[in-house]
Amino acid sequence: AQSVTQPDIHITVSEGASLELRCNYSYGATPYLFWYVQSPGQGLQLLLKYFSGDTLVQGIKGFEAEFKRSQSSFNLRKPSVHWSDAAEYFCAVGPDSGGGADGLTFGKGTHLIIQP
Amino acid sequence: GAGVSQSPSNKVTEKGKDVELRCDPISGHTALYWYRQSLGQGLEFLIYFQGNSAPDKSGLPSDRFSAERTGGSVSTLTIQRTQQEDSAVYLCASSFQGDQPQHFGDGTRLSIL
């Protein structure tokens, strides 16, 4: 069965510093990978997705992620964080492109705290 | 355009009561998903609808849970004889097709007293 691991439950970063959130997945074939962000009381907003092709994908709000098949990783990065980036971040894998019959499998999330 | 709309945004009910949660997907989206988000279990996939096809119900946590989708659009998730462990945020998502990224609503926060 597929699974997603986000090893960091909490991460604290100073405003203006760079950010990397880790995500590792277990999946039997080429995965379809996603990063979502959730602010308190809100639903999930899609930051970026990887389906195929270029392994470095660009998303909204200045985020990017790199798919590394050899490491089964899909880490999220941002060169300079803003206070408004404080939120919960979820990595997810789909059984095929977008979800299909089994929906998405999510990691437990990483809570990002921004220090002034 | 309008996003995925869920109602109510909050629901408090007594143990043993039935509840209905509603999801209105983005217009034109044929695929609709329900998830449950709780502190202990994180985000769990519950059920998926593609158009008017019969859904795969194997992800529903118990036979007290049911879902339907009328006319390929609005969906309702019904929980019968609610238990305290049903307390969670129930999220709905939709996508243009089953092979496109999912867009989420803001969820219904369900509290069972």
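Residues numbered from 1 in each chain as written. Chains lettered and ligands numbered in written order. Predicted model: local features only at pLDDT ≥ 70, side-chain atom pairs only at ≥ 80, totals over all residues. Heavy atoms only, no water.

Chemist: Got a minute to help me understand the overall build of chain B in this structure?
Modeler: Tallying secondary structure elements over chain B gives zero helices and 10 strands in all. Counting helices and strands in the order they occur from the N terminus, chain B gives β-β-β-β-β-β-β-β-β-β. Buried residues in chain B amount to 48% of all 113 residues. The contacts of chain B with a sequence gap of at least 6 include a subset with a gap of at least 24, amounting to 55%. Computed over 10 positive and 12 negative side-chain charges, the separation of the two mean positions in chain B equals 5 Å. (Helix = DSSP H or I, 4+ residues; strand = E, 2+ residues; numbered from the N terminus. Buried < 20%, exposed > 50% of the residue type's maximum accessible area, 1.4 Å probe, protein only. Contact = heavy atoms within 4.5 Å. Lys, Arg positive; Asp, Glu negative; His and termini not counted. Charge placed at Lys NZ, Arg CZ, Asp CG, Glu CD.)

Chemist: Even after reading the chapter, I still don't get the pairing of strand E10 (residues 87–94) of chain A, so can you show me in this structure?
Modeler: Put simply, side chains in a regular strand alternate between the two faces of the sheet. All names here are of chain A. Burial runs high along E10: seven of the eight residues are buried. Inspection of the sheet shows strand E5 (residues 32–38) paired to E10 by seven bridges, in the antiparallel sense. Note that in E10 the partner of Gln38 across the bridge is Glu88. Across three bridges, E10 lies against strand E12 (residues 110–115) in antiparallel orientation. Considered in E12, the bridge of Glu88 is made with His111. Judged from the two bridges that link them, E10 and strand E11 (residues 105–106) form a sheet pairing that is antiparallel. By the bridge assignment, Val93 is partnered in E11 with Thr105. (Pairing = 2+ DSSP bridges.)

Chemist: What exactly am I supposed to notice about the pattern of salt bridges here?
Modeler: Oppositely charged side chains can pair when the atoms bearing their charge come close. According to the stated counting rule, one finds seven salt bridges over all chains in the structure shown. Between Arg77 of chain A and Glu66 of chain A there is a salt bridge, with its nearest N and O atoms 3.3 Å apart. Residue Arg77 of chain A is found in strand E9 (residues 73–78), and its partner Glu66 of chain A is found in strand E8 (residues 64–68); the two are separated by 11 residues along the sequence. According to the relative accessible area criterion, Glu66 of chain A is partly exposed, its value standing at 23%. The closest approach of N and O atoms between Glu44 of chain B and Arg36 of chain B, which form a salt bridge, is 3.1 Å. With relative accessibility at 22%, the residue Glu44 of chain B sits in the partly exposed group. With relative accessibility at 10%, the residue Arg36 of chain B sits in the buried group. (Salt bridge = Lys/Arg side-chain N within 4 Å of Asp/Glu carboxyl O.)

Chemist: Would you take a moment to explain unusual backbone geometry for this structure?
Modeler: Leaving glycine out, the prevailing phi sign among residues is negative, and the prevailing peptide bond configuration is trans. Following Ser7 of chain B, the chain continues into Pro8 of chain B via a peptide bond in cis, with omega recorded as -10°. Locating Pro8 of chain B in the fold gives a position in the loop between strand E1 (5–7) and strand E2 (10–13). Positive phi is not limited to glycine here, since Lys61 of chain A has a value of about 60°. Here Lys61 of chain A is to be found in the loop between strand E7 (56–58) and E8.

Chemist: So what exactly am I meant to see when it comes to the state of the cysteines here?
Modeler: Simply put, the disulfide is a covalent bond whose two ends are the sulfur atoms of two cysteines. Residue and element names in this part refer to chain A. Tallied over the full model, the rule gives two disulfides over all chains. At a sulfur-sulfur separation of 2.0 Å, the disulfide partner of Cys23 is Cys91. Where Cys23 bonds to Cys91 through sulfur, the torsion about that S-S bond is close to -65°, and the disulfide is left-handed. In this pair, Cys23 is assigned in the loop between strand E3 (19–21) and strand E4 (24–26) and Cys91 in strand E10, connecting sequence segments 68 residues apart. With relative accessibility at 0%, the residue Cys23 sits in the buried group. (Disulfide = S-S within 2.5 Å.)

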